[in-house]
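Okay, here's what each chain looks like letter by letter:
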Amino acid sequence: MKLFRYRRPSLNQIFGVTAAQRRVKRVLGSAQIEACTKPSHVRRRLKRRAGLYLPVVEAIRQTAKCRFPTFMEFRRRR
């Protein structure tokens with residue numbers, strides 16, 4: 001542990017409860033299920049299926065904000 005910290009650790013962190021909870025979640029796989037059902041992840045998946053992340057749509061969105069896209073922004077992301 002570092003000598004100077006910005007935040008004081010909680011009692012759970014000092015006693016190792018937090019690390020144990022993380023290990024259990026990792027072993028059981030419940031962390032992956034929680035991540036897939038997070039509202040922000042579901043929203044992003046719906047937007048991807050709707051085609052809002054296509055390069056053409058992103059370019060239109062950028063020009064609507066008065067930012068003109070460069071050639072490098074048209075590359076395909078994966």
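Definitions and cut-offs
Residues numbered from 1 in each chain as written. Predicted model: local features only at pLDDT ≥ 70, side-chain atom pairs only at ≥ 80, totals over all residues. Heavy atoms only, no water. Helix = DSSP H or I, 4+ residues; strand = E, 2+ residues; numbered from the N terminus. Buried < 20%, exposed > 50% of the residue type's maximum accessible area, 1.4 Å probe, protein only. Areas by Shrake-Rupley, 256 points an atom, 1.4 Å probe, with all protein chains shown as cover. Expected span 1.5 Å × (residues − 1). Patch = residues over 30% accessible without salt bridge, like charges linked within 9 Å, V, L, I, M, F, W, Y side chains within 5 Å. Salt bridge = Lys/Arg side-chain N within 4 Å of Asp/Glu carboxyl O. Lys, Arg positive; Asp, Glu negative; His and termini not counted. Charge placed at Lys NZ, Arg CZ, Asp CG, Glu CD. pLDDT = per-residue confidence, 0-100.

Within the chain, the regular secondary structure consists of 5 helices and 0 strands. Taken across its 78 residues, the chain has 6% of its residues classed as buried. Split by element, the accessible area of the chain, about 7,900 Å² in all, is 60% carbon and sulfur.

In this model helix H2 (residues 17-28) runs 17 Å from its N-terminal to its C-terminal C-alpha over 12 residues, within 8% of the 16 Å that 1.5 Å per residue would give. Directly after H2, the chain includes Gly29, whose backbone phi takes a positive value near 85 degrees.

Our next topic: a positive patch on the surface. Together, Lys38, Arg44, Arg48 and Arg49 line one region of the surface with positive charge. Tracing the backbone through its elements, the reader meets Arg44 in helix H4 (residues 39-50). Owing to a relative accessible area of 36%, Arg44 belongs among the partly exposed residues under this scheme.

Here the focus is the confidence of the model for the chain. Considering every residue of the chain, the mean pLDDT works out to 82; 79% of them sit at 70 or more. Least confident of the elements in the chain is helix H5 (residues 55-64), whose mean pLDDT is 83; most confident is helix H1 (residues 11-15), at 93.

A contiguous nonpolar patch, built from Leu11, Ile14, Phe15 and Val17 and spanning about 430 Å² of accessible area, is present on the exposed surface. The element contributing the most residues to the nonpolar patch is H1, with 3 residues. We classify Leu11 as exposed; its relative accessible area is 58%.

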